[in-house]
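# Structure assessment
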Amino acid sequence: MSTYFKSHPNKEGFFGKYGGAFLPPQLIEQFKQIEEAYMTISKSHLFISELRSIRKHYQGRPTPVYFAQRLSEMAGGSRIYLKREDLNHMGAHKLNHTMGEGLLAKYMGKKKLIAETGAGQHGVAVATAAAYFGLEAEIHMGEVDIKKEYPNVVRMKLLGAKVVPVTHGAKTLKEAVDSAFDAYLKNPDEMLFAIGSVVGPHPYPMLVRDFQRVVGIEAREQFQEMTGELPDNLVACVGGGSNAMGLFSAFLDDDVKIFGVEPAGKSFKPGEHASTLTYGSEGVIHGFNTYLLQNDKGEPAEVYSIASGLDYPGVGPEHSFLKDEGRVNYVTANDKETLEAFFTLSRVEGIIPALESAHALAYAVKLAKETHYESILVNLSGRGDKDIDLSPKNTASAKPKLLIQITKTRNPIPGFLLCEASRDS
Ligand SMILES: *Cc1c(COP(=O)(O)O)cnc(C)c1O
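Residues numbered from 1 in each chain as written. Predicted model: local features only at pLDDT ≥ 70, side-chain atom pairs only at ≥ 80, totals over all residues. Heavy atoms only, no water.

### Some words on the environment of V235
As for its placement among the helices and strands, V235 is situated in strand β9 (residues 233-237). Judged by its relative accessible area of 0%, V235 falls in the buried class. Once the C-alpha coordinates of V235 and D210 are considered, the two residues, 25 residues apart in sequence, prove to be 19 Å apart. For V235, the contacting residues outside a window of four places in its chain are L247, F259, V261, A360, Y363, A364, L367, I376, L377, V378 and N379. (Helix = DSSP H or I, 4+ residues; strand = E, 2+ residues; numbered from the N terminus. Buried < 20%, exposed > 50% of the residue type's maximum accessible area, 1.4 Å probe, protein only. Contact = heavy atoms within 4.5 Å.)

So this is what it looks like as structure tokens:
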């Protein structure tokens, strides 16, 4: 079983021509050590049983697969099922790999996890793992993002992490990456760089995928138990691509149609979306070769998504490979469709999805309408409590920002807009 999985990436960390490790000379030895340590522990009985125990008793795994009956009836056509990663500890799939990275750091005798964060979700997941393992956490974050995403800064500090404000350039994610990397370069022996998705130089795209694979392995078994068969379709959103690879990697050798959903944002003009695989071209970013949204100078382009976890100009190298192979279909959902899915799932199922996950849902609903009697398994990568934007300004008038936007932009579910409108007035 699983012939694809065993042979990808190759020994040099390539998925076809994508991936690899383009590193400054002083880090080559470090990354070799990380790879060796990972290869050793991933075969160790002790490591595997400790990770299993963490997943079960701390993270609350396995997360359920749920048949979204009312959503399916509303869509008409095919049946939609949700893999409930929103029920994972801290409310998203991210802990699946940060706990693995924490365990790896422990095994390697490191004192600290270091990472950058944009919206703060990855920073919180790293801070959680560090607290669990008794490691220090140092999270670099742009000053602009610190102001914008303040609740996550509070969470990181509560969890005992040191948040380092980055004050140069645009003061957002790109500068935070540079800043964390500089700090890491100064003292790589003491810390492990905790990368937040299936991106970065080898071995990260492989090890993050392997840690996320639990999502697909569980879902495969649960779905078969529920229905007696495999799903006809898989759908997951793609930012860097970790929740998608987690689900997809357990089904790549099967006769299952697979869809990765990228954020189409406001439009397909440069700077207004982050559909890397749909509109990008080959290039090197953050130490690996992949599809990339680039500007005229060949630098990573400005990108945008309503979901802050999806606005990355690159994408995991394995997705680039699976696109070229034609094994996975990469499609898009725009902000408007995403918001519609966000509100619909909340209303008809009582599940508030993360805006990232709502991209996958939006496409799944479309697919359900276009097909008949098929099954669609969606990775609900996280919960949406973080997205209701209850900043002081908004709570003063008791109107979350999104509700105001939505009444202007979306086609209502019958009976829904009326209800919102009356609340607003
Ligand atoms: C961070 C995040 C994502 C995007 O990351 P991937 O590596 O593409 O999975 C998706 N969903 C949620 C809920 C997230 O927090």
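Right, picking up where we left off after that structure.
### Side note on the site of the ligand
Not every one of the 16 residues close to the ligand is listed here, only the nearest: K94, S197, G241, S242 and S381. Taking S197, its side chain carries an N or O atom lying 2.6 Å from an oxygen atom of the ligand. G241 places a polar main-chain atom, nitrogen or oxygen, 2.7 Å from an oxygen atom of the ligand. Considering the ligand on its own, with 380 Å² of exposed area, one finds that the protein chains cover 97% of that surface. In terms of residue class, the shell around the ligand is built from four nonpolar, 10 polar and two charged. Looking at which domains feed residues into the shell around the ligand, each of domain 1 (4-57 + 93-205) and domain 2 (63-91 + 212-383) supplies at least three. (Near = heavy atom within 4 Å. Polar contact = N/O pair within 3.5 Å; in protein donor to acceptor, adjacent residues only side chain to side chain. Areas by Shrake-Rupley, 256 points an atom, 1.4 Å probe, with all protein chains shown as cover. Nonpolar A, V, L, I, M, F, W, Y, C, P; charged D, E, K, R; others polar. Domains from an automatic or database assignment.)

### Looking at the pattern of salt bridges
Here the structure, examined in full by the defined rule, presents 16 salt bridges. A salt bridge links R209 to E318, with the shortest nitrogen-to-oxygen separation between them at 3.1 Å. With R209 in helix α10 (residues 204-227) and E318 in helix α13 (residues 317-325), this pair connects stretches of sequence that are 109 residues apart. Given the relative accessible area of 1%, R209 is considered buried. Note on E318: relative accessible area 3%, which makes it buried. One network of salt bridges, in which partners are shared, links R61, K83, E85 and E218. (Salt bridge = Lys/Arg side-chain N within 4 Å of Asp/Glu carboxyl O.)

### A word on the environment of G298
Looking at the secondary structure, you find G298 in the loop between β12 (288-292) and α13. Given a relative accessible area of 41%, G298 falls into the partly exposed group.

### Remarks on the environment of L158
Along the chain, the position of L158 falls in helix α8 (residues 150-158). Under the relative-accessibility criterion, L158 is labelled exposed at 72%. Along the backbone, L158 and I217 are 59 residues apart, and their C-alpha atoms lie at a distance of 33 Å.

### Regarding the sheet that holds strand β8 (residues 191-193)
Judged by pairing direction, the sheet is parallel, and its four strands sit side by side in the order β7-β6-β5-β8 without closing on themselves. Each edge of the sheet is formed by a strand with only one pairing partner; in this case those strands are β7 (162-166) and β8. Geometrically, the sheet is characterised by an average inter-axis angle of 25° between neighbouring strands, direction not taken into account. Both strand β6 (residues 136-142) and β7 contribute to a ladder of five bridges, which runs parallel. Each residue of the ladder has a partner; that of I139, found in β7, is V163. Contacting β5 (112-117) and β6, helix α6 (residues 121-133) runs over the sheet at an angle of about 170° to β5. (Pairing = 2+ DSSP bridges. Axes fitted to C-alpha atoms, helices over the stretch in contact; angles between N-to-C directions.)

### A closer look at the domain arrangement of the protein
Segmentation of the protein into domains returns domain 1 (4-57 + 93-205) and domain 2 (63-91 + 212-383). Between the C-alpha centres of domain 1 and domain 2 there is a distance of 22 Å. In this complex, domain 1 contributes 29 residues to the contact, which on the side of domain 2 involves 35 residues. Together domain 1 and domain 2 conceal approximately 2,800 Å² of surface at their shared face, both sides included; 62% is due to carbon and sulfur atoms. Of all residues in domain 1, Y4, Y18 and H93 give up the largest surface area on contact with domain 2, accounting jointly for 29% of the area buried on that side. Note that E282 is salt-bridged to K17, the shortest N-O span being 2.9 Å. In this assembly, domain 1 and domain 2 are joined by 16 residue pairs in polar contact (both at pLDDT 80 or more). Contributing elements (two or more residues each) for the side of domain 1 that touches domain 2: α1 (3-7), β2 (18-19), α5 (94-107) and α6. (Buried area = accessible area lost by both parts, 1.4 Å probe.)

### A few points about α13
Residues of α13 that are buried include every one of P317, E318, H319, S320, F321 and L322, and no others. Of the residues trailing α13, G326 is marked for its positive phi of about 80°.

### What to know about a nonpolar patch on the surface
Together, Y150, V154 and L158 give the surface a local cluster of nonpolar side chains, amounting to about 330 Å² of exposed area. Checked against the element boundaries, Y150 lands in helix α8. The class for Y150 is partly exposed, based on a relative accessible area of 46%. (Patch = residues over 30% accessible without salt bridge, like charges linked within 9 Å, V, L, I, M, F, W, Y side chains within 5 Å.)

### Considering the packing of α6 against α8
Contact geometry for α6 and α8: axes closest at 9 Å, N-to-C directions at 10°. In terms of their interaxial angle, α6 and α8 are classed as roughly parallel. Of the residues in α8, those in contact with Q121, G123, V124 and A127 of α6 are N152, R155 and M156. Taken together, the residues of the contact of α6 with α8 break down into three nonpolar, three polar and one charged. (Parallel < 35°, antiparallel > 145°, perpendicular 65-115°, else oblique.)

### Brief notes about the pairing of strand β4 (residues 79-84)
Most of β4 sits out of view: five of its six residues are buried. Examined bridge by bridge, β4 and strand β14 (residues 375-380) share six bridges and lie parallel to one another. The partner of I80 across the bridge, within β14, is I376.

### Examining the sheet that holds β9
By definition, the strands of a sheet pair up through backbone hydrogen bonds, in either a parallel or an antiparallel sense. Ordered by their spatial adjacency, six strands build an open sheet running β3-β4-β14-β9-β10-β13, and the pairing between neighbours is mixed. For this open sheet the edge positions go to β3 (65-67) and β13 (329-334), each flanked by a neighbour on one side alone. Averaged over all pairs of adjacent strands, the angle between their axes in this sheet comes to 30°, without regard to strand direction. Sheet strands touched by α10: β3, β4 and β14. Its angle to β4, the strand with the most contacts, is close to 135°. Each of β3, β4, β10 (257-265), β13 and β14 is contacted by helix α14 (residues 335-349), which is oriented at about 80° to β13, the strand it contacts most.

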